[in-house]
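This is what each chain is made of:
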Amino acid sequence: LNKNCTISGNNHVAVSNTLEIVGSNEDMNNLITIAAATSKRHFYLNNANAKLILRYLKLVGGDVSSYSWPDYYGGSIYIYTNGGELNLYSSIVFNNKAGNGGGIFAWGASSTNKNAIMNIYNSIIQNNEATNSGGGIRMSAAVGAIYNTTIDNNCLLYTSPSPRD
């Protein structure tokens, strides 16, 4: 059984309906590892019907930090303003990079239309990095629930503007 795979090609996986991926449920030290394509994130949701269900996976190596707005959000998973739902179970989001939301960014349409939904259960969000905000997770006009999850050692590299002379 191969426990490692890479998303190949020149882009992320765009989720438009329901996508469920179930890895190995042995324990958190033996998860199936999915590496993102070079300089890409793992998953992108931008559709009210999009539903991403991930179980027993380790998502590593997503990097959109060199992109410009709005593509530099969500190093591993990005839910954009047309909406979508993430359900992450017993998984690890590790070593991903973005301008905002180094691991995950959920950005809903507005404060009255919070159509970006994020639910995280029994997982680890660790060692992700953002240059502006949300080293591990960032949410804006979104709905989220996080249960029994460790959010640890995520880094924000923000540097404030230098004072004027």
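Residues numbered from 1 in each chain as written. Predicted model: local features only at pLDDT ≥ 70, side-chain atom pairs only at ≥ 80, totals over all residues. Heavy atoms only, no water.

Considerations on the pattern of salt bridges
Link 1 in the chain: Evaluated as defined, the whole model comprises one salt bridge.
Link 2 in the chain: Note that Glu20 is salt-bridged to Arg55, the shortest N-O span being 2.9 Å. With Glu20 in strand S3 (residues 18-22) and Arg55 in strand S6 (residues 51-55), this residue pair connects regions lying 35 residues apart in the sequence.
Link 3 in the chain: According to the relative accessible area criterion, Glu20 is partly exposed, its value standing at 42%. (Salt bridge = Lys/Arg side-chain N within 4 Å of Asp/Glu carboxyl O. Helix = DSSP H or I, 4+ residues; strand = E, 2+ residues; numbered from the N terminus. Buried < 20%, exposed > 50% of the residue type's maximum accessible area, 1.4 Å probe, protein only.)

Considerations on the sheet that holds strand S16 (residues 137-140)
Link 1 in the chain: On the basis of which strands lie adjacent, the open sheet formed by five strands has the order S2-S5-S8-S12-S16 and parallel pairing. Pairing within the sheet leaves two strands with one partner each, and these edge strands are strand S2 (13-15) and S16. The mean inter-strand angle of the sheet, taken between neighbouring strand axes irrespective of direction, is 10°.
Link 2 in the chain: Sheet topology note: the strand S8 (residues 77-79)/strand S12 (residues 104-107) ladder contains three bridges and is parallel. Residue pairing across strands places Tyr78 opposite Phe105, the latter belonging to S12. (Pairing = 2+ DSSP bridges. Axes fitted to C-alpha atoms, helices over the stretch in contact; angles between N-to-C directions.)

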